[in-house]
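# Structural features, examined
One-letter residues, chain by chain:
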Amino acid sequence: MSRRIFNLVLQQRRHDPDGSYVRRWVPELRGVPDRRLGAPWTMSEAEQQTARCVIGGDYPAPVVDHARERRVAMERYTAATR
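My aim in this report is to walk through the structure given alongside it, one point at a time. (Residues numbered from 1 in each chain as written. Predicted model: local features only at pLDDT ≥ 70, side-chain atom pairs only at ≥ 80, totals over all residues. Heavy atoms only, no water.)

### Topic: the overall build of the protein
So the rule is basically this: Each helix is a run of H or I in the DSSP string that is no shorter than four residues. Each strand is a run of E no shorter than two, and both are numbered from the N terminus. Each radius of gyration reported is based on C-alpha atoms, and the globular scaling rule is 2.2 Å times the count of residues to the power 0.38. The classification of residues rests on relative accessible area computed with a 1.4 Å probe and restricted to protein chains. Under 20% of the type maximum is buried, over 50% is exposed, and intermediate values are partly exposed. In what follows, a contact means two residues having at least one pair of non-hydrogen atoms within 4.5 Å. Per-residue accessibility takes into account occlusion by the displayed protein chains alone, with areas from the Shrake-Rupley method and a 1.4 Å probe.
Looking only at helices and strands, the protein has 4 helices and 0 strands in total. A globule of 82 residues ought to have a C-alpha radius of gyration of about 12 Å, yet the protein, at 15 Å, is considerably larger. A principal-axis box enclosing the C-alpha atoms of the protein has dimensions of 50 × 25 × 20 Å. Scored against the burial criterion, the 82 residues of the protein give a buried share of 23%. Within the protein, contacts between residues at least 6 apart in sequence are counted, and of these 35% link residues at least 24 apart. For the protein, the exposed area adds up to about 6400 Å²; of that, 51% sits on carbon and sulfur atoms.

Pasting the structure below:
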């Protein structure tokens, strides 16, 4: 059984390192620095102001904690294969 869980932040960095695709389709993120583009919610308040992208206002805050949910999914996969 294959257990492949995509990390969306890593996928963005790997396949759109300069952010051209994301910035084209998500204009709210146009001013976000490249290093924060895959996870804009990690910007400091000052970075958000500079980028004109306030998390929870201009762009939604994360709905789930991806690291936690990945752990839960992996635990469930493991339990299902026992």
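### Considering helix α4 (residues 66–80)
To be explicit about the condition: Multiplying one less than the number of residues by 1.5 Å gives the expected span of a helix. Any pair of N or O atoms that falls within 3.5 Å is considered a polar contact. Within protein, one atom must be able to donate a hydrogen and the other to accept it, and sequence-neighbouring residues count only if both atoms are side-chain atoms.
For α4, which comprises 15 residues, the first-to-last C-alpha distance of 21 Å matches the rise-based estimate of 21 Å (1.5 Å per residue) to within 8%. Its side-chain oxygen 3.1 Å from the backbone nitrogen of Ala-67, Asp-65 forms the N-cap of α4.

### Some words on the nonpolar core
How we decide: Among the buried residues, those of types Ala, Val, Leu, Ile, Met, Phe, Trp, Tyr and Cys that are joined through side-chain atoms within 4.5 Å form a nonpolar core.
Val-22, Leu-29, Val-32, Leu-37, Met-43, Ala-51, Cys-53 and Ile-55 form the largest nonpolar core, which has 8 residues in total. Excluding its chain neighbours within four sequence positions, the residues that come into contact with Cys-53 are Glu-28, Leu-29, Val-32, Met-43, Gln-48, Asp-58 and Tyr-59.

### Some words on the side chain of Arg-23
Within the secondary structure, Arg-23 sits in helix α2 (residues 20–25). Within polar-contact distance, the side chain of Arg-23 engages the backbone oxygen of Val-32 at 2.4 Å. If we skip the residues at most four places from it in the chain, Arg-23 touches Asp-18, Leu-29, Arg-30, Val-32, Pro-33, Asp-34 and Leu-37.

### Quick word on the pattern of salt bridges
Here is the rule we go by: Salt bridges are defined by distance alone: a side-chain nitrogen of Lys or Arg within 4 Å of a carboxyl oxygen of Asp or Glu.
Across all of its chains, the model carries 4 salt bridges by this definition. Between Arg-36 and Glu-47 there is a salt bridge, with its nearest N and O atoms 3.2 Å apart. Taken together, the positions of Arg-36 in the loop between α2 and α3 (45–51) and Glu-47 in helix α3 put the pair 11 residues apart, joining distant regions of the chain. Under the relative-accessibility criterion, Glu-47 is labelled buried at 16%. Put simply, Arg-68 and Glu-69 hold a salt bridge, and the shortest N to O gap is 2.7 Å. The exposure class assigned to Glu-69 is partly exposed, which follows from its relative accessible area of 34%.

### Quick notes on the side chain of Glu-47
Polar side-chain contacts of Glu-47 include one of 2.8 Å to the backbone nitrogen of Ser-44. Aside from chain neighbours lying at most four places away, what touches Glu-47 is Arg-35, Arg-36 and Thr-42.

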